[in-house]
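# Notes for the structure review
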Amino acid sequence: MPIRLAMQAADFEPQFQSLLDGKLEASAAVGTAVAAIIADVRQRGDDAVVELTNRFDRAGVTTQTLRFTADEIDAGAARVTPEVTAALQFAHDRIRAHHQRQKPADDLYTDPFGVTLGTRWTPIDAVGMYVPGGLASYPSSVLMNAVPAKVAGVERIAMVVPTRNGQLSASVLAAAKIAGVTEIYRTGGAHAVAALAYGTTTIAPVDKIVGPGNAYVASAKRQVFGQVGIDMIAGPSEVLVIADSSANPAWVAADLIAQAEHGGGARSLLVTTEPALADAVAAEVERQLALLPAPAIARDAWDTLCAIITVASLDEAVALANRIASEHIELAIDDPQSLVARIRHAGAIFLGHHTPEAIGDYVGGSNHILPTARSARFASGLGVVDFMKRTSILGCDPGALAALADAAVALAEVEALDGHGRSVSIRLNR
């Protein structure tokens, strides 16, 4: 059974804090193992990548077969049913349409002092895209990573994906083809991240690495940051459902299960104003878990990491939501817009009874690569600007420089940087 908390209980605060602190972190042993893998790839290049790929994934690759050929991508995509191909294309088009609205515009203006100021946006040259391939197949992750990169104008996207026992879902290749990704490698894990960051003979280095993965992938991204950029350190998936008396307990239960079945530390939380709804949802989760063909993963998460919290009002629910800063927040109430502006910390917000989080995973149009483990307090989900750089533009003519010079020289003197001040005054014969 999940944890049950009531905000009115005397021991709520320590119990709630324990819940917040209970997200699993990668062990020190993981970081040590990853550091050794990165060092090995930096030293031995392709040989290390091939050896580690075959050891961990039993992939049977060689240096020559590490990269998918164009014919292999086409053949894989051709194995996908027309229905799935159409669904992927539908999702791609919706994701692209939404992300095109995120693309920032250049700006150049002259201020009242005659100074030219502006901002120019340019795409990153090369991006490495990590697509999970362990327990399941995730063609949706291909689209969520590749589409905003393409909208931003990234010229080179190098995709790495584990091929366990040499196998890869054809739908992943179909998604890559639809998104226009042609550089795909049969490798995953920390060694794939290292190859993208530092380069090998076969895999040229990139400038930024994006995409979710397991604890080893997350640790590798953390360790190569600085050599390359990264999008975020993604942890286990999570959802918070805020529900009142208008919520359907069967629908809420289905959404909690949907998140729990990710496994790997996934967490589902329900915050409700109605004790009766809390009981009904708990019972409904039990009923629906019994209907799953493979309930073990969701069952384990539900019994160990999930929680149901009762509160006295939606105001209290919002306050808890801002402390939790969940990756996903569902507002299972009749007037979700009444709460949206008050929720400050969330990766994504899903409005009303007919917007299950799973729609955002696939075809809603928004990105499903989102901040986890309370990082929504300071981070955002993946978007077009993550694949672009902002360059400042500044220009002065003689008159504009004269208007700014006295203040600039004064500040240089305060900081005891006489050369700074002289570089300004020398242009004005002072």
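Structure's up top.
Residues numbered from 1 in each chain as written. Predicted model: local features only at pLDDT ≥ 70, side-chain atom pairs only at ≥ 80, totals over all residues. Heavy atoms only, no water.

### Thoughts on the overall build of the chain
The helix and strand inventory of the chain stands at 17 helices and 14 strands. Split into buried and exposed, the 430 residues of the chain put 48% on the buried side. Pairs at least 24 residues apart make up 74% of the contacts formed inside the chain by residues separated by at least 6 positions. For the chain, the exposed surface amounts to about 19900 Å²; the carbon and sulfur share of it is 55%. Measuring between centres, the 34 positive side-chain charges of the chain sit 5 Å from its 46 negative side-chain charges. (Helix = DSSP H or I, 4+ residues; strand = E, 2+ residues; numbered from the N terminus. Buried < 20%, exposed > 50% of the residue type's maximum accessible area, 1.4 Å probe, protein only. Contact = heavy atoms within 4.5 Å. Areas by Shrake-Rupley, 256 points an atom, 1.4 Å probe, with all protein chains shown as cover. Lys, Arg positive; Asp, Glu negative; His and termini not counted. Charge placed at Lys NZ, Arg CZ, Asp CG, Glu CD.)

### Focus: the nonpolar core
Counting residues in each nonpolar core, the largest one holds 42 residues, and the members touching the most others are Met129, Val142, Leu143, Met159, Val181, Ile184 and Phe387. Residue assignment for this core shows that the elements contributing at least two residues are helix 4 (70-78), helix 5 (82-100), strand 4 (126-130), helix 6 (139-152), strand 5 (156-160) and helix 7 (170-179). In terms of residues, this core owes the most to one element, helix 6, which gives eight residues. Setting aside residues up to four positions removed in sequence, Met159 forms contacts with Met129, Val131, Val142, Val172, Ala176, Val181, Glu183, Ile184 and Tyr185. One finds Leu52, Ala59, Ala194 and Val206 within the second-largest nonpolar core, a separate group that totals 31 residues. (Core = buried A, V, L, I, M, F, W, Y, C linked by side-chain atoms within 4.5 Å.)

### A word on the packing of aromatic side chains
As enumerated under the stated definition, the model contains one aromatic pair in all. Centre to centre, the rings of Phe12 and Phe16 are 5.3 Å apart; their planes meet at 15°, and the pair counts as stacked. Residue Phe12 and its partner Phe16 are located together in helix 1 (residues 12-20), separated by four residues, close to a single helical turn. You can call Phe12 buried: its relative accessible area is 4%. Between Arg55 and the ring centre of Phe56, over which it is positioned, the NZ or CZ distance is 5.6 Å. (Phe/Tyr/Trp six-rings, centres within 6.5 Å; stacked < 30°, edge-to-face > 60°. Lys NZ or Arg CZ within 6 Å of the ring centre and 35° of its normal.)

### Focus on the side chain of Thr187
With respect to the helices and strands, the residue Thr187 is situated in the loop between strand 6 (183-185) and helix 8 (189-198). Looking at Thr187, the relative accessible area reads 0%, which means it is buried. Reaching out from Thr187, the side chain makes a polar contact with the side chain of Thr53 at a distance of 2.7 Å. (Polar contact = N/O pair within 3.5 Å; in protein donor to acceptor, adjacent residues only side chain to side chain.)

### Describing the pairing of strand 4
With five of five residues buried, strand 4 is to be regarded as a mostly interior element. The side-chain alternation of strand 4 yields two buried faces, one formed by Ala126, Gly128 and Tyr130 and the other by Val127 and Met129. As defined by bridge partners, strand 4 adjoins strand 5 across five bridges and the pair is classed as parallel. Each bridged residue has a counterpart across the sheet, and for Gly128 the counterpart in strand 5 is Ala158. In this structure, strand 4 lies alongside strand 7 (residues 208-210), joined through three bridges in parallel fashion. Residue Met129 lies in a different strand from strand 7, and its bridge partner there is Val210. (Pairing = 2+ DSSP bridges.)

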